[in-house]
Each structure stands twice: as C-alpha cells, then as structure tokens.
Amino acid sequence: MTSNHTDCHYCLQSLRGRKYALREENAYCVTCYDSLFANPCEECKQPIECDSKDLAYKGRHWHEGCFKCAKCSHSLVEKPFAAKDELLLCTECYSDEYSSKCFHCQKTIMPGSRKIEFKGSSWHESCFVCQYCRQPLGTKPLITKDNENYCVPCFEKQFAHHCYSCKKVITSGGVTYHDQPWHKECFVCAGCKTQLSGQRFISKDEYPYCVDCFSKLYAKKCAACKKLITVLGGAKFISFEERQWHGECFNCAKCSVSLVGQGFLTRQDDVLCHECGSA
C-alpha cells in the first residue's frame, strides 16, 4: 500500500491518467470508490456514483434527477418541499393533500407558515384578528361572540354591561334591577349597605332596601300596639284615616272582637263594633 495518490487505496491499481476520488485523505479509483462508498438512490435504487450529485435528506439519498415530488414529479432541487409518510412532496401538492384551510378566508395554510389553532379550527396568523380593531390576537386573551373573535378591550367597549353603580364592566354574573345591570357586590341596601343579591328587598324611590331598613325608615306604627307594621312575610294591615293597624290588632276597643272585614264605628281615637258603638 502506497502513502501517496499514485495508486488506488483499495485495489492498488495505478491512478496515473485516471480519475479518482478522495476519502479521508485516501485515493480510490472511481470503480472502487463507487462499490465501497456510493449511496443507493431512494428513487431508482441505483448507486449514486462519485461523479453524480448526491442529494441527502434525513439520512436518505437521491440522484439529482430523482429528487422530485412523489405526486407531480416536478424537481425539488433548490425548492421548498415537505415530507409525508416518507414521501417528498412539493409545497403545492402537500397543501392540496394535507394542509388545513383557514377558518376565516378558507385558503390553504401553506407548509412552513405560522398558523393559529383555536376551538378546533386553523387560522392564518394574519387572519386571526379582532373583529373590531383588526389587530392580531395571537395568544392574547379573547372573547368569542356570534362566531367572531374580539380582544377583551374591544368586546367590553362593544358588548359588555357596565354596572349602574360603579360604571365598571360586569365580566360575569351581575344583577338586573329596574332594567339596569349591577355588580352583585354593588347591589346593596340604600340604608345599611348590606349586599342584597339573593336576599329579599323592597324598592322605594328607585332605591333598594333590605326589609329591616325599609321597616325602620318607612313602615307605619300600629295604632293599637304601637309596633311597626313590617312587610316581612306579606303581613296584612288595615288603614283608616291615616291610621294603620296590624290585622290581629284591628279589634273593637271595648269588647275586643275582630273588626277585620266587618263594619265598625269610631269614637274619638277608638274603633268599635256596631253593638258596642250603639250602646
């Protein structure tokens, strides 16, 4: 074995006047080089000889003329391509066969381009924008209404309810009172400021009051027992000439018989049944 390039490193035949190839600083005649090192072509299965261009992709090799789209057979040399199930496809064929369609424009999302996945659908990045301000949504928080997407500020500006009390946006829940929206925490008794959401309340001059505050502020006193006539439980009361009585207190001042639903007579501040009043 010689140490220069005058002989083939494998068959030891002279290389004078002959083509040869170098590998790891050793010279080989073309025949030996091809038999020892040439890669088989994925397409035609023939060896890719040393005087041919060897195109490699993920450990596989092709002749330059064999490196083409598996569907349309157009050359892929110096062109973008995609791989599917070990087949090489030009971007057009790959898109036709496998690429998803943009939910917005219905056009193909080409391989290599960025896309957004949202609610099971795919979007071009440039198509995934706020319906109102048209700014890209990307990974920003968003709200969907009637199949349209909005950034949070635009949705709040266009659709969100604002609390009648604090004027801020109601993002969830809320209470409706006199056809106006309120935060639950803002819907409070006008007297003691206790939250009224889910509680019984009474409206007075367009303001809500808890039952206790309303009774203290507005309830009448019974002319008989002098206690407040509350509205709790829908209590019944009798009213006559600017005086009020609990139903159970509206009795004859002399014989104590109930006068509810009965005729009665008055004598000074007393109410009397007909029998006592005529005596």
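Parameters at a glance
- Residues numbered from 1 in each chain as written.
- Predicted model: local features only at pLDDT ≥ 70, side-chain atom pairs only at ≥ 80, totals over all residues.
- Heavy atoms only, no water.
- UniProt positions renumbered as here; feature names shortened; annotations may be inferred.
- Salt bridge = Lys/Arg side-chain N within 4 Å of Asp/Glu carboxyl O.
- Helix = DSSP H or I, 4+ residues; strand = E, 2+ residues; numbered from the N terminus.
- Buried < 20%, exposed > 50% of the residue type's maximum accessible area, 1.4 Å probe, protein only.
- Contact = heavy atoms within 4.5 Å.
- Phe/Tyr/Trp six-rings, centres within 6.5 Å; stacked < 30°, edge-to-face > 60°.
- 1 Å grid on protein atoms, 1.4 Å probe; cavity = no way out; pocket = protein on both sides within 12 Å on 5 of 7 lines; lining within 4 Å.
- Points joined across faces, edges and corners; volume = space filled by probe spheres on them.
- Nonpolar A, V, L, I, M, F, W, Y, C, P; charged D, E, K, R; others polar.

- The protein goes by Four and a half LIM domains protein 5 in an unreviewed UniProt entry, where it is assigned to Spheniscus mendiculus.
- The Function (unreviewed entry) field of the UniProt record for the protein holds the comment "May be involved in the regulation of spermatogenesis. Stimulates CREM transcriptional activity in a phosphorylation-independent manner."
- In its Subcellular location (unreviewed entry) section, the UniProt entry covering the protein states "Nucleus".

**Here's the deal with the pattern of salt bridges**
No. 1: Within the structure shown, the criterion is met by 3 salt bridges.
No. 2: As a salt-bridge pair, E42 and R60 come within 4.0 Å of each other at their nearest N and O atoms. Separated by 18 residues along the polypeptide, E42 in the loop between helix 1 (30–37) and strand 3 (54–57) and R60 in strand 4 (residues 60–63) bring together distant segments of the chain.
No. 3: The exposure class assigned to E42 is partly exposed, which follows from its relative accessible area of 30%.
No. 4: On the accessibility criterion, R60 (17% relative accessible area) is buried.
No. 5: The partner of E125 in a salt bridge is R114, and the shortest N-O contact between them spans 3.3 Å. Taken together, the positions of E125 in the loop between strand 8 (121–124) and strand 9 (142–145) and R114 in the loop between helix 2 (91–97) and strand 7 (115–118) put the pair 11 residues apart, joining distant regions of the chain.
No. 6: The exposed category is assigned to R114, whose relative accessible area is 61%.

**Description of the UniProt feature "domain: LIM zinc-binding" (unreviewed entry) in the protein**
No. 1: With numbering aligned to this structure, UniProt lists the feature "domain: LIM zinc-binding" (unreviewed entry) at residues 39–99, 100–161 and 220–279.
No. 2: Secondary structure content for residues 39–99 is 11% helix and 26% strand, and the end C-alpha separation is 32 Å.

**Some points on the environment of C166**
No. 1: Locating C166 in the fold gives a position in the loop between helix 3 (152–158) and strand 11 (175–177).
No. 2: According to the relative accessible area criterion, C166 is partly exposed, its value standing at 30%.
No. 3: Taking the C-alpha atoms as reference points, C166 and W182, 16 residues apart in sequence, are found 8.3 Å from one another.
No. 4: Those residues within four positions of C166 in sequence are excluded, and the remaining contacts are H183 and C186.

**Things to note about the packing of aromatic side chains**
No. 1: Evaluated as defined, the whole model comprises 19 aromatic pairs.
No. 2: A centroid spacing of 5.5 Å and a plane angle of 55 degrees characterise the contact between F118 and F128, whose relative ring orientation is tilted. In this pair, F118 sits in strand 7 while F128 sits in the loop between strand 8 and strand 9, placing the two residues 10 residues apart along the sequence.
No. 3: A residue is classified by how much of its surface remains accessible, and F128, at 1% relative accessible area, is buried.

**Regarding the layout of surface pockets**
No. 1: In this structure, the largest pocket encloses a volume near 270 Å³.
No. 2: Residue lining of the largest pocket: 15 residues in total, with Y164, W182, E206, Y207 and P208 positioned closest to the centre.
No. 3: Contributions of two or more residues to the lining of the largest pocket are made by strand 12 (180–182) and strand 14 (207–210).
No. 4: Its residues assigned to classes, the lining of the largest pocket shows 9 nonpolar, 3 polar and 3 charged.
No. 5: Its volume calculated, the second largest pocket comes out at about 200 Å³.

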